[in-house]
Amino acid sequence: MAATGSTATTTTATADAAAAARAAATRTRTKIVTINLPLAKKLTPPRKASSKKGDNGTVLVAGGSRYYHGAPVFTSMAALRSGTDLVYTAVPRSITTEVRSFSPALIVLPLPDDKLTVGAANRLVGMMPKKPDVAAIGMGMSIATSEAMIALVSKLKGQGTKLVLDASALIPEILPIIEGTDTIVTPHAGEYRRLTGSDPGRADSTKERIANVRTAASRHGITILLKGPVDVVADGSGRAGINRTHNCAMTVGGTGDVLAGVTAGLLCKIGSFEAALLAAYFNGLAGNLSFNRVGLHMTSTDLLEDLPQAMKRFDSIIK
């Protein structure tokens, strides 16, 4: 009888420990993280002193159209400035000269059509010099059909490339393809409505937006970075965080493209939730530096110029 009682006690203790662990996990998931300088230092990945080209990430940027050649440039340059080793920029052939003229650092891959087609998607994946770690897709892009975006995302996903989807890539048809992956989507409120079919909540209610974004992220098993007065990040496990670091001058066009590039660069090295939260913070820090220089007169090229200074204080090198 004594042995039986001892066994029952042990079983009860084990059950209690498991329940406590589940409760602790739930509290961790429901806690809202606010990104700040100490947390950013903790999340920023170090670079190995012995690293070689490619070890710090390869990013593909696919975007642009006849009218919007600047968007993929901002994204590509931001990915490079975030510490990525190689960035390939795929744009329509009609704008390759304009894109190449911005910087010799850009490796430009010409797409045959002004709009993304299934054929162009197949050709792009086939012409890549090497498999990218991350692809940032949609900035300034025109899409012929939803099937073209599905084809591009499916092929990249199939070869193990992580995804950052923005702007034109944020269509509801893409959700079944990316569900349960480490994909990051970076919508503003209007794109969020188009993608998920639901409203993110009032811009002045951070609590409401967190609840809605967390629900959508959990439902689809992806990471969502909702841009706004307060950036909200949530992932499929229920984690959520916010970023308050930015300013009202950052409403200028192109700041979201820069954000997508920083996000893609970080996703080469760290998890999707951490990459999204950290990218929003770095983007805002750079924006604040630009604001201090030029006030309300900044453009997204100012943001690119200030991004290295914003991120430099978080650099670390290990053996």
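First things first, this report covers the structure right here in the doc. Predicted model, so just to flag it, every value in this text is computed and none were measured. (Residues numbered from 1 in each chain as written. Predicted model: local features only at pLDDT ≥ 70, side-chain atom pairs only at ≥ 80, totals over all residues. Heavy atoms only, no water.)

A separate point is the overall build of the protein. Helix and strand counts for the protein come out as 12 helices and 12 strands. Its C-alpha atoms give the protein a radius of gyration of 21 Å, near enough to 20 Å, the size a compact globule of 319 residues would have. Along the first, second and third principal axes, the C-alpha atoms of the protein reach 85 × 50 × 45 Å. In the protein, which comprises 319 residues, the share counted as buried stands at 51%. Long-range contacts, defined as pairs at least 24 residues apart, comprise 67% of the intrachain contacts of the protein with a sequence gap of at least 6. As displayed, the protein offers around 14,000 Å² of accessible surface, 55% of which is attributable to carbon and sulfur atoms. Where the 36 positive side-chain charges of the protein centre and where its 24 negative ones centre are 6 Å apart. (Helix = DSSP H or I, 4+ residues; strand = E, 2+ residues; numbered from the N terminus. Rg over C-alpha atoms; globule rule 2.2 N^0.38 Å. Buried < 20%, exposed > 50% of the residue type's maximum accessible area, 1.4 Å probe, protein only. Contact = heavy atoms within 4.5 Å. Areas by Shrake-Rupley, 256 points an atom, 1.4 Å probe, with all protein chains shown as cover. Lys, Arg positive; Asp, Glu negative; His and termini not counted. Charge placed at Lys NZ, Arg CZ, Asp CG, Glu CD.)

Counting residues in hydrophobic clusters, the biggest one holds 54 residues, and the most contacted among them are Ile35, Val59, Val262, Leu266, Leu278 and Phe282. Setting aside its immediate chain neighbours within four residues, Phe282 contacts Thr44, Val262, Leu266, Leu307, Ala310, Met311 and Phe314. In this structure, Ala135, Ile178, Ala216 and Val232 belong to the second largest nonpolar core, which totals 46 residues. (Core = buried A, V, L, I, M, F, W, Y, C linked by side-chain atoms within 4.5 Å.)

Any two packed helices are characterised by how steeply their axes cross, that is the angle between the axes, and by the distance between the axes. Remark: helix α11 (residues 272-294) packs on helix α12 (residues 300-312), axes separated minimally by 8 Å, with the N-to-C direction vectors making an angle of 115°. Seen from above, α11 lies across α12 with right-handed handedness. The segment α11 lies against α12, with Phe282, Asn283, Leu285, Ala286, Gly287, Leu289, Ser290, Arg293 and Val294 engaging Asp302, Leu303, Glu305, Asp306, Leu307, Gln309, Ala310 and Met311. Taken together, the residues of the contact of α11 with α12 sort by class into 9 nonpolar, 4 polar and 4 charged. (Axes fitted to C-alpha atoms, helices over the stretch in contact; angles between N-to-C directions. Left-handed = near helix turned anticlockwise from the far one by under 90°. Nonpolar A, V, L, I, M, F, W, Y, C, P; charged D, E, K, R; others polar.)

Attention now goes to the sheet that holds strand β3 (residues 58-62). Pairing in this open sheet of 10 strands is mixed, and the strands run β1-β11-β10-β9-β8-β7-β6-β3-β4-β5 from one edge to the other. Either end of the sheet is taken by a strand with one partner, and the two such strands are β1 (32-34) and β5 (107-111). Strand direction decides the pairing type here: strand β4 (residues 86-92) and β5, joined by 5 bridges, are parallel. Looking at the pairing, Thr89 lines up with Val108 of β5. Against the sheet, α11 touches β1, β8 (184-185), β9 (223-226), β10 (231-234) and β11 (240-243), its axis set at about 15° to β11. (Pairing = 2+ DSSP bridges.)

Another point: the packing of helix α5 (residues 118-127) against helix α6 (residues 146-158). Where α5 meets α6, the axes come as close as 8 Å, and the angle between the chain directions of the two elements is 20°. Taken together, α5 and α6 sit at an angle that is classed as roughly parallel. The hand of the α5/α6 crossing is right-handed. Facing α5, whose interface residues are Val118, Ala121, Asn122, Leu124 and Val125, α6 presents Glu147, Ala148, Ala151, Leu152, Lys155 and Leu156. (Parallel < 35°, antiparallel > 145°, perpendicular 65-115°, else oblique.)

Volume-wise, the largest pocket comes out at about 570 Å³. Residue lining of the largest pocket: 28 residues in total, with His188, Lys227, Met250, Thr255 and Gly256 positioned closest to the centre. Contributing elements (two or more residues each) for the lining of the largest pocket: α8 (189-196), α10 (255-267) and α11. Tallying contributions element by element places α10 first for the lining of the largest pocket, with 4 residues. Looking at the lining of the largest pocket residue by residue, the class counts come to 10 nonpolar, 12 polar and 6 charged. Its boundaries defined by the atoms lining it, the second largest pocket holds a volume of some 340 Å³. (1 Å grid on protein atoms, 1.4 Å probe; cavity = no way out; pocket = protein on both sides within 12 Å on 5 of 7 lines; lining within 4 Å. Points joined across faces, edges and corners; volume = space filled by probe spheres on them.)

All right, on to the packing of aromatic side chains then. One pass over the full model with this rule turns up 3 aromatic pairs. Ring centres of Tyr281 and Phe282 lie 6.2 Å apart, and the angle between their planes is 50°; on these two criteria the pair is classed as tilted. Exposure remark for Tyr281: the relative accessible area of 5% places this residue in the buried category. For Phe282, a relative accessible area of 0% translates into the label buried. With a centroid separation of 6.2 Å and an interplanar angle of 80°, the aromatic rings of Tyr281 and Phe314 are classed as edge-to-face. With Tyr281 in helix α11 and Phe314 in the loop between α12 and β12 (317-318), this residue pair connects regions lying 33 residues apart in the sequence. Per residue, the accessibility class of Tyr281 equals that of Phe314, and both read buried. By way of ring pairs, the aromatic residues Tyr281, Phe282 and Phe314 are connected into one cluster. (Phe/Tyr/Trp six-rings, centres within 6.5 Å; stacked < 30°, edge-to-face > 60°.)

These figures capture arrangement, not role.
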